[in-house]
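In case you want the letters, here they are:
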Amino acid sequence: MNILKKNTIPVIVQIAIVIYALRLALPVWGFYMPAMVNAALLAFLYVAIFVGRVRLRAIDFLAVIPIFSVEILSLFYETPSNIAIYIYKIAQLFIFPLLGLYLIKSDNHPIVRRIFYIVSIAYLVTCVTTYFGCLTYPAASRALATMSESEDYDLYSLYTSMNIGSFSFVYAIVLMLPLLIYLVRDKRLNIIIGVIALLMVVITIFVTEYATALLFMIVAFMSFIFPKNFSTKHIIITMLTILVIYWGAKDYLGHAFDVLATNVDSEILAERFYSISDLLLGDEKSVEGDIESRIEVYELSVKAFEASPIWGASGINVGGHSFFLDNLGKYGCFGLIAMIFMYSSLYKLYFKRYKSQPYSGYILLTFFIALALAILNPKDNLAILTFIVPLFTVAFKTEKA
């Protein structure tokens, strides 16, 4: 009882964490939250996690710093134009990894589980609003990915007021899929509720028309074919098997994507699948497709790296479509070292300590998908890896493991 009392997160802090975390799950929440309220809430959370029954120490803050190695490296290449705005931006970046450590330190399963469920329900709500929003305004989610609030405020505010999830939201639910699958397989959720939640995620990914998200959704669902408590070994063996199948049955896969493109309703997805089919079959018409366009922007980053492989050059144009390749292009080998520090620190702080838990394979699958997405997409998905994953790991930790 004394341990439980000592590790109790005060109710006011629980509420503050939920209110701030809803910015991740509900686009409309963040859109309408006044900047002053957000700043005050952020300041309160910093005070709360370093003062109180459960609190972080200076060593915890230092442990989080390597996660931002790339951000720190960028300071040596370009000076922020507005120091105050930059500090505020950094404070917002640091808060989720620190909250993740705070939750881990509390180790209070009932409280953290409650926060996890609230945030997860918010994500499912956005799945529903995104689905119907994209039915009303096709490709709205894709439009939000490249739309600036300042450039087209009316359309941006319309889509956001409808709580339509954008690029970040769609890939967040892809990364959360292995966690949801574990809850269903381990019967932590009612089977009917679990299946409904999975269906909501699937139809949302389909309607938003992100082909890469759709492919990695399939990867996440592969966890159903693993043993219930699988490990890194199963993931690696499966990845190697997929590579062998890919090289041995590339033509068959190409024809499969061609059939899929013919039968899918979405023109955007059909175009993506045709491009994948052309690439697999070695068809020259693929040079006009989406895959070739993506390869071209990747090549910009590769060429920037080749121009200065050691130091890099932040002024050189990079593709802007790959977190990994862009940082190589801008910062050379130093960028590679920074990313190694970043992801190794992430693994040690938020994943390694749970390797004996029954859900270890599922969180590792999320980690591997995040690494793959960092190569294919420009986002690092830090909020999912450093906050949502700790919410899950603490909430469903088994003491006997």
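This section reports on the structure supplied with the text. (Residues numbered from 1 in each chain as written. Predicted model: local features only at pLDDT ≥ 70, side-chain atom pairs only at ≥ 80, totals over all residues. Heavy atoms only, no water.)

### Focus: unusual backbone geometry
Backbone geometry follows two general trends: most residues other than glycine have a negative phi, and most peptide bonds adopt the trans configuration. For clarity, the threshold we go by: For the purposes of this entry, the term helix denotes a DSSP run of H or I that reaches at least four residues, the term strand denotes a run of E that reaches at least two, and both are numbered from the N terminus. Here's how the labels work: a residue is buried when its accessible area is under 20% of the maximum for its type, exposed when over 50%, partly exposed in between, all with a 1.4 Å probe on protein chains only.
Located in the positive-phi region is D107, a residue other than glycine, with phi close to 50 degrees. For D107, the position within the fold is in the loop between α7 (83-106) and α8 (109-136). Even without being a glycine, N381 presents a positive backbone phi close to 55 degrees. Relative to the elements of secondary structure, N381 occurs in the loop between α19 (360-376) and α20 (382-395). For N381, a relative accessible area of 11% gives the class buried.

### So, the state of the cysteines
Note the following rule: By definition, disulfides here are pairs of cysteine sulfur atoms that lie within 2.5 Å.
Inspection of the entire model under this criterion finds zero disulfides. In this structure C127 is a free cysteine whose sulfur lies 11 Å from that of C134, the closest cysteine sulfur available. The class for C127 is buried, based on a relative accessible area of 2%.

### Looking at the side chain of N327
To be explicit about the condition: Residues count as neighbours in contact if any of their non-hydrogen atoms are within 4.5 Å of one another.
Counting through the fold element by element, N327 comes out in helix α18 (residues 323-350). Taking relative accessible area as the criterion, N327 reaches 3% and is therefore assigned buried. The contacts of N327, once residues within four sequence positions are left out, are V70, G332, G335 and M339.

### Considerations on the packing of aromatic side chains
Note the threshold: Between the rings of Phe, Tyr and Trp (Trp by its six-membered ring), a pair exists once the centres lie within 6.5 Å; its type follows the angle of the planes, with under 30 degrees stacked, over 60 edge-to-face, and the other angles tilted. By the criterion adopted, a ring carries a charge over it if an Arg CZ or a Lys NZ lies within 6 Å of its centre and within 35 degrees of its normal.
Under the criterion given, the structure shown has 32 aromatic pairs. On the numbers, 5.6 Å between centres and 55 degrees between planes, the contact of Y137 with Y159 is tilted. Separated by 22 residues along the polypeptide, Y137 in the loop between α8 and α9 (140-146) and Y159 in helix α10 (residues 153-161) bring together distant segments of the chain. Members of the aromatic cluster, each reached through a chain of ring pairs, are F116, Y117, Y182, F226, F230, Y354, Y359, Y362, F392 and F396. When the ring centre of Y20 is taken as origin, the NZ or CZ atom of R23, which lies over that ring, is 5.2 Å away. We note R142 situated over the ring of Y210; from NZ or CZ to the ring centre the distance is 5.2 Å.

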